[in-house]
Structure formats: C-alpha cells, structure tokens
Amino acid sequence: MTPVTLYAAALKDISAEPLAPAAFLAGTKGYTKDSARAFLRAQPGFLGRGLGLEEAKQLKAAALAAGFETVLAAETDVPAPPPALTVSRLELGGTGFSFEAGGAIHTAEFGAVAFLTAAAFDAPVPPLSLDAIKKDAIFEKIMTLAGDPPFAPVTETGSRETYFRADLLTADGILRLSLAPENLDFSPLGPGRSHSSLVNFRQLLKRLSAACPKAVVNAFLPALLENRPLAQLKLANAQACEVELSRLLLVSPRK
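All of the points below concern the structure found in this document.

**Looking at the overall build of the protein**
The helix and strand tally for the protein stands at 8 helices and 9 strands. Classification of the 255 residues of the protein by burial places 41% in the buried group. The contacts in the protein between residues at least 6 apart in sequence include a share of 66% that link residues at least 24 apart. Accessible area of the protein: about 14,000 Å², with a carbon and sulfur share of 58%.

In structure tokens form, the structure reads like this:
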C-alpha cells in the first residue's frame, strides 16, 4: 500500500513573530486561545503539521484570507538543521572570525554566514551536584532532623530559568554553530565586557549581526539586540528552537 504523504504549512514571512497567527489559529476548528499559543510556541512559524493534502490546502487558503501567506511542503521535505558545534569562544577579526569548539580552533568568513538567529525558552533549573555531601551521613541526618527532605529532586513545577541561545549557519549547510551565554568565554570583547553574561551575549551578537548584514535573521534576534520585551517571543523549549530553524531553512530562498 502506498504510504500517505503528510504536509506541513509554514509561514512564508521569515521575520514572523511566533504568536502572530494565534488569533487566526484560535478561530479554526480544534483550537482555543491557549492551545493555539501552545502550538505556536512549540512549532514556531508553522500553522499545521502532519496534515492531509486537502486539509493543508484549506488551511493555506484560510490563512491567506487572514493575511498569512504560507508554504506547503511534504513533511519529508522539511529540512532538519545540521548538527551543531557548541562554541566556547568566538573572536571577530577583519573579514571573518575564529571560534573554539570541541577543544579545537577553527575559522570562518563573515560572507559564508547565511543564518544568524537567536531564541529563548524557560526550563527547570538543573539540580546542583550533591554527590560529595550525599556521602556525608551526618549532613543528611541534620537535614532529616530539621524536617527537610534531603536531596529532593527538581521537578517541572520547581524553579525555572530563561535560557538564551543563538545559531549561526553557513550557506552550504555544512557548518552550524550553537552559542549559549553560560558556555561562552567573552574575553574577546575586551574592555567593553560586562559582568552580565546576557549583556555580553547581546554585545557579541550585535557585532556578529553587523558583520553579517546579509544573513537571514529571525524575529527574536533584533528584539534581543534592541533590548525590547521578549516574553511574547519565547519558545516552548530547546526542541522548538530546532523547529524554528527548520522553518527558516524551508522558506528561505536558496542561493
């Protein structure tokens, strides 16, 4: 039996904000205001995934009538972002930059950068490593006597933190760099370096953006660089950042 082809409907506007179509989706069958926003944070830039052809065509027509031009693509044709190299240090030079990843130093030209994106999402704060004091029976006994459950695990309902990331992709699709403020050495920023990793992250991305003016950017990057409110631009999780890259790769003109 021939397998059924399923389709994705993606916004054609590269710089579309994730929640821009929320009201439109909330007015379609099966969506409430909250479920529409949840879908768009998890699938940024997509109006539908895993759709039959007729359903996808109807969604495309309805979206166009609402002012959202979309691209239909078979799910198998939605590109997956290339594997990322986690960057620990990046330094800009005359016509390019050097970066350290995996313990090795590499170089790249600014002109090779085709995509420069940024994103943020909220996630539980990872637990501290308590392996050393777990072995201390006296410490655990004191906690128990004080009425505190020792070494309680962090849950999804516990403390949460906003995590920022940026991705840089070359036009040939071979190189993808992932940058996160908590992993970066900002010493190349020189005297202008701040005590805040987020301020340093913004400064680094501002310099990169200026050096790569032809790179495709998402809606979050200029908002971050201009220090605008970011709450409405946050994504659901780290996987949603990958989804957003897939959408940008899908709808961006091929060189």
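**A short note on the side chain of Arg-41**
Relative to the helices and strands, Arg-41 resides in helix 2 (residues 33–42). One buried charged residue, Arg-41, forms no salt bridge at all, with the nearest opposite charge on Asp-122 at 7.6 Å. At 2.6 Å, the side chain of Arg-41 and the backbone oxygen of Lys-234 are in polar contact. If near-sequence neighbours (up to four positions away) are discounted, Arg-41 is found in contact with Leu-19, Ala-231, Gln-232, Lys-234, Leu-235, Ala-236 and Ala-240.

**A word on the pattern of salt bridges**
With the rule as written, the count across this model stands at 10 salt bridges. Glu-226 serves as the salt-bridge partner of Arg-228, at 2.3 Å between the closest nitrogen and oxygen. The network of salt bridges with common partners includes Arg-165, Asp-167, Arg-176 and Glu-242.

**With respect to unusual backbone geometry**
One non-glycine residue, Asn-227, lies in the positive phi region at around 60°. Classification of Asn-227 by relative accessible area gives exposed; the value is 56%.

**Quick word on the nonpolar core**
By size, the foremost hydrophobic cluster in this structure holds 33 residues, and its most contacted members are Phe-97, Phe-99, Leu-179, Phe-201 and Leu-205. Elements that contribute at least two residues to this core include exactly strand 4 (85–92), strand 5 (96–101), strand 7 (113–124), strand 8 (160–170), strand 9 (176–179), helix 6 (197–211) and helix 7 (220–225). Element by element, the count of residues in this core is highest for helix 7, at 5 residues. Leave out the neighbours within four places in its chain, and Phe-97 touches Leu-90, Glu-91, Leu-92, His-106, Thr-107, Ala-108, Glu-109, Phe-110, Val-113, Leu-168 and Leu-177. Within the second largest apolar cluster, 18 residues are counted, among which are Leu-11, Phe-24, Leu-47 and Leu-51.

**Let's talk about the packing of aromatic side chains**
Applying the stated criterion across every chain yields a total of 6 aromatic pairs. Residues Phe-121 and Tyr-163 carry aromatic rings whose centres are separated by 6.0 Å and whose planes lie at 25° to one another, so their mutual orientation is stacked. Placement of the pair is Phe-121 in strand 7 and Tyr-163 in strand 8, with a sequence separation of 42 residues. The pair Phe-121 / Tyr-163 is uniform in exposure class, with both members buried. Here the guanidinium or amino end of Arg-49 rests over the ring plane of Phe-46, the centre of that ring lying 4.2 Å away.

**Some details on the sheet that holds strand 3 (residues 70–74)**
Spatially, the 3 strands line up as an open sheet ordered 2-1-3, and their pairing is antiparallel. On the outer flanks of this sheet lie strand 2 (46–51) and strand 3, each paired with one strand and no other. Taking the axes of each pair of neighbouring strands and ignoring which way they run, one obtains an average angle of 15° across the sheet. In terms of strand pairing, strand 1 (residues 7–11) meets strand 2 through 3 bridges, oriented antiparallel. Within strand 2, the residue paired with Ala-9 across the bridge is Gly-48. Contacts from helix 3 (residues 53–65) reach strand 1, strand 2 and strand 3, with the element oriented near 170° to strand 2. Relative to the sheet, helix 8 (residues 238–251) contacts strand 1, strand 2 and strand 3, its axis offset from that of strand 1 by approximately 85°.

**Digging into the environment of Gly-96**
By the element assignment, Gly-96 lies in strand 5. Residue Gly-96 is classed as buried on the basis of its relative accessible area of 10%. Taking the C-alpha atoms as reference points, Gly-96 and Val-113, separated by 17 residues in sequence, lie 9.7 Å from one another. Apart from the residues lying within four places of it in its own chain, the contact partners of Gly-96 are Ala-108, Glu-109 and Phe-110.

**Digging into the sheet that holds strand 4**
Spatially, the 6 strands line up as an open sheet ordered 6-5-4-9-8-7, and their pairing is mixed. Of all strands in the sheet, those with a lone pairing partner are strand 6 (104–109) and strand 7, marking the two edges. When the angles between neighbouring strand axes are averaged without regard to direction, this sheet yields 40°. Examined bridge by bridge, strand 7 and strand 8 share 11 bridges and lie antiparallel to one another.

Reading the values: the criteria
- Residues numbered from 1 in each chain as written.
- Predicted model: local features only at pLDDT ≥ 70, side-chain atom pairs only at ≥ 80, totals over all residues.
- Heavy atoms only, no water.
- Helix = DSSP H or I, 4+ residues; strand = E, 2+ residues; numbered from the N terminus.
- Buried < 20%, exposed > 50% of the residue type's maximum accessible area, 1.4 Å probe, protein only.
- Contact = heavy atoms within 4.5 Å.
- Areas by Shrake-Rupley, 256 points an atom, 1.4 Å probe, with all protein chains shown as cover.
- Lys, Arg positive; Asp, Glu negative; His and termini not counted.
- Salt bridge = Lys/Arg side-chain N within 4 Å of Asp/Glu carboxyl O.
- Polar contact = N/O pair within 3.5 Å; in protein donor to acceptor, adjacent residues only side chain to side chain.
- Core = buried A, V, L, I, M, F, W, Y, C linked by side-chain atoms within 4.5 Å.
- Phe/Tyr/Trp six-rings, centres within 6.5 Å; stacked < 30°, edge-to-face > 60°.
- Lys NZ or Arg CZ within 6 Å of the ring centre and 35° of its normal.
- Pairing = 2+ DSSP bridges.
- Axes fitted to C-alpha atoms, helices over the stretch in contact; angles between N-to-C directions.

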